[in-house]
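# Results of the structural survey
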Amino acid sequence: MISVEEALSRILAEIKALPTVRVPLAEAAGRVLAEEVVAQEDIPPFDNSAMDGFALLSTDSKPQGDQPPHLRVTGAVAAGYVADHAVEAGTAMRIMTGAPVPPGADTVIQVELTRHGGPESDWVEILQEVKPGNNIRPAGEDMRCGQKILPRGTELGAWEIGILATLGWATVPVVRQARVAILGTGDEIIEIDQPLAPGKIRNSNSYLLEATVRRAGALPERLGVARDTVESLREKFAQAMTYDLILTSGGVSVGDFDLVKDIMAEQGQVNFWRINMRPGKPVAFGHIGGVPLVGLPGNPVSSAVTFELFARPVIRKLQGHAAVFKPQVEVVVEDGIQERAQRRHYVRAHVRWQNGKFVARTTGNQGSHMLTSLLQANALVIVPEGGPEVPPGTMLKAIMLDWPEDTQEEALASS
Ligand SMILES: Nc1nc2c(c(=O)[nH]1)N[C@H]1C(S)=C(S)[C@@H](COP(=O)(O)OP(=O)(O)OC[C@H]3O[C@@H](n4cnc5c(N)ncnc54)[C@H](O)[C@@H]3O)O[C@H]1N2
Ligand code: MOO
Ligand SMILES: [Mg+2]
């Protein structure tokens, strides 16, 4: 048996990022940028007004004695248009937010600081002296032509999508999404729309894995269920070899019909088998026909937990992410953990933020057949291998699978 850390480093050593594809910008969120983005123009592209008001010469805003300066209004410039004449001394032009500053003007005063005779008025009084550049957003203030804006490898979120749209990137080079084959195994497994028969159970693993693969940003495809025979596994493996990653569940332990490792060895290579952890000890990793294969254990919780620990980082790395692991935090285990295994134990728990600490409550019976132990679980508390039990109040590390969101009541109470 190898440690979790060794398993991870052996797995990730075998994985490299998929090739680049161009996708429409609207499909790029969550993907990893495959090329550096350099601004090809100034943003904003022209000096423009930050306020609705009047464009004028700053020297014209100086009060004359006790009278506010009185200027002749020669026209208006709205956003989307360009002034057809310049602002000269003694004149002003109405200007709207976002409109290009007309030539001649070096400042803008907001309408509230003026007196005028309405939208058609041909005069304006300037009620406050303004400096040059007031309310003018200069060209290139946000991004300069030639400036590096996003490095290659950036994970594209909503903010980056906004920047790319501003720069006119209608399509974006990103790392390709992983196509992930999901294969169930076992003579006892029937499809979910079939009536239960004696000895049979429904295929929960393939559906759980499909959802979690999709949540990881990849493209899952269920290939059905292989029987516990060499022929059936060979046939399904042949189908799976056209994908970027293969996830199997079941058939990796020491039972008479646990054949996944054998067929993996026949069609490719088993890199390692068995990890010093629970749930999920019998994980097997290798490849068939050069396609990485993570053989997840059949017990539903084992398969879900080992997906999060080993398969999700594979998907992240395939899709070009530099950061492939979920964050770990220190938590107070409020209810303690009674049973203590020799193997490292990943205990399902609900973690919440309370009085300045992360507090974990375990989710009940931790049997690896207990799908209900995943309900409410947003974290895996890591109980180190060996050692005594974990009394209530113990501090341990936990992997945060999901951050809890506050209800409106909680959010308003804490603000
Ligand atoms: N003698 C030993 N027996 C077992 C050991 C061991 O070390 N020595 N390890 C146990 C552990 S730990 C695990 S985990 C399981 C792993 O078993 P397999 O990966 O070989 O999986 P199966 O035998 O095929 O099935 C185990 C269990 O999971 C159910 N299952 C399988 N596929 C699905 C599916 N698609 N949906 C829902 N449930 C599924 C299956 O019916 C079994 O109950 O081995 C222990 N045994
Ligand atoms: O490793 Mo198994 O998942 O403990 O049941
Ligand atoms: Mg088995």
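- Looking at an unreviewed UniProt entry, the protein carries the name Molybdopterin molybdenumtransferase, with the source organism given as Dictyobacter vulcani.
- Entered under Cofactor (unreviewed entry) in the UniProt record, the comment concerning the protein runs "Mg(2+)".

### Looking at the site of ligand 2
- The local shell around ligand 2 consists of Pro279, Gly280, Lys281, Pro282, Asn299, Ser302, Arg343 and Ser368.
- A distance of 3.1 Å separates an oxygen atom of ligand 2 from a polar atom in the side chain of Asn299.
- Partitioning the shell around ligand 2 into residue classes produces two nonpolar, four polar and two charged.

### Digging into the packing of aromatic side chains
- Counting across every chain of the model gives three aromatic pairs.
- Both rings, one in Trp353 and one in Phe358, keep their centres 4.7 Å apart while their planes meet at 65°; by these two values the pair is edge-to-face.
- Arranged with centres 5.8 Å apart and planes meeting at 45°, the rings of Phe358 and Trp403 form a pair that is tilted. Of the two residues, Phe358 sits in strand 24 (residues 357-362) while Trp403 sits in the loop between strand 26 (394-400) and helix 7 (408-414), which places them 45 residues apart along the sequence.
- Through a chain of ring-to-ring contacts, three or more aromatic side chains come together here, namely Trp353, Phe358 and Trp403.
- One residue, Arg179, lies across the ring of Tyr243, its end atom 4.4 Å from the ring centre.
- One cation-aromatic arrangement involves Arg274 over Trp273; the distance from NZ or CZ to the ring centre is 4.4 Å.

### A word on a negative patch on the surface
- Taken together, the side chains of Glu405, Asp406, Glu409 and Glu410 make up a negatively charged region of the molecular surface.
- For Glu410, the position within the fold is in helix 7.
- The partly exposed category is assigned to Glu410, whose relative accessible area is 44%.

### Things to note about the sheet that holds strand 13 (residues 179-185)
- Overall, mixed pairing links the six strands, which are arranged 16-13-17-21-20-18 in an open sheet. In this open sheet, the two strands that pair with only one neighbour each are strand 16 (219-226) and strand 18 (268-273). Across the sheet, the axes of successive neighbouring strands diverge by a mean angle of 20°, strand direction being ignored.
- Bridge count for strand 13 against strand 16 is six bridges, and the pairing is parallel. Counterpart to Ile182 in the pairing with strand 16 is Arg222.
- Along the sheet, helix 1 (residues 4-13) makes contact with strand 18 and strand 20 (284-288), crossing strand 18 at roughly 155°.
- Across the sheet, helix 5 (residues 260-267) lies against strand 13, strand 17 (245-249), strand 18, strand 20 and strand 21 (291-296), angled at about 135° from strand 18, the strand it touches most.

Conventions we followed
Residues numbered from 1 in each chain as written. Chains lettered and ligands numbered in written order. Predicted model: local features only at pLDDT ≥ 70, side-chain atom pairs only at ≥ 80, totals over all residues. Heavy atoms only, no water. UniProt positions renumbered as here; feature names shortened; annotations may be inferred. Near = heavy atom within 4 Å. Polar contact = N/O pair within 3.5 Å; in protein donor to acceptor, adjacent residues only side chain to side chain. Nonpolar A, V, L, I, M, F, W, Y, C, P; charged D, E, K, R; others polar. Phe/Tyr/Trp six-rings, centres within 6.5 Å; stacked < 30°, edge-to-face > 60°. Helix = DSSP H or I, 4+ residues; strand = E, 2+ residues; numbered from the N terminus. Lys NZ or Arg CZ within 6 Å of the ring centre and 35° of its normal. Patch = residues over 30% accessible without salt bridge, like charges linked within 9 Å, V, L, I, M, F, W, Y side chains within 5 Å. Areas by Shrake-Rupley, 256 points an atom, 1.4 Å probe, with all protein chains shown as cover. Salt bridge = Lys/Arg side-chain N within 4 Å of Asp/Glu carboxyl O. Lys, Arg positive; Asp, Glu negative; His and termini not counted. Charge placed at Lys NZ, Arg CZ, Asp CG, Glu CD. Buried < 20%, exposed > 50% of the residue type's maximum accessible area, 1.4 Å probe, protein only. Pairing = 2+ DSSP bridges. Axes fitted to C-alpha atoms, helices over the stretch in contact; angles between N-to-C directions. Contact = heavy atoms within 4.5 Å.

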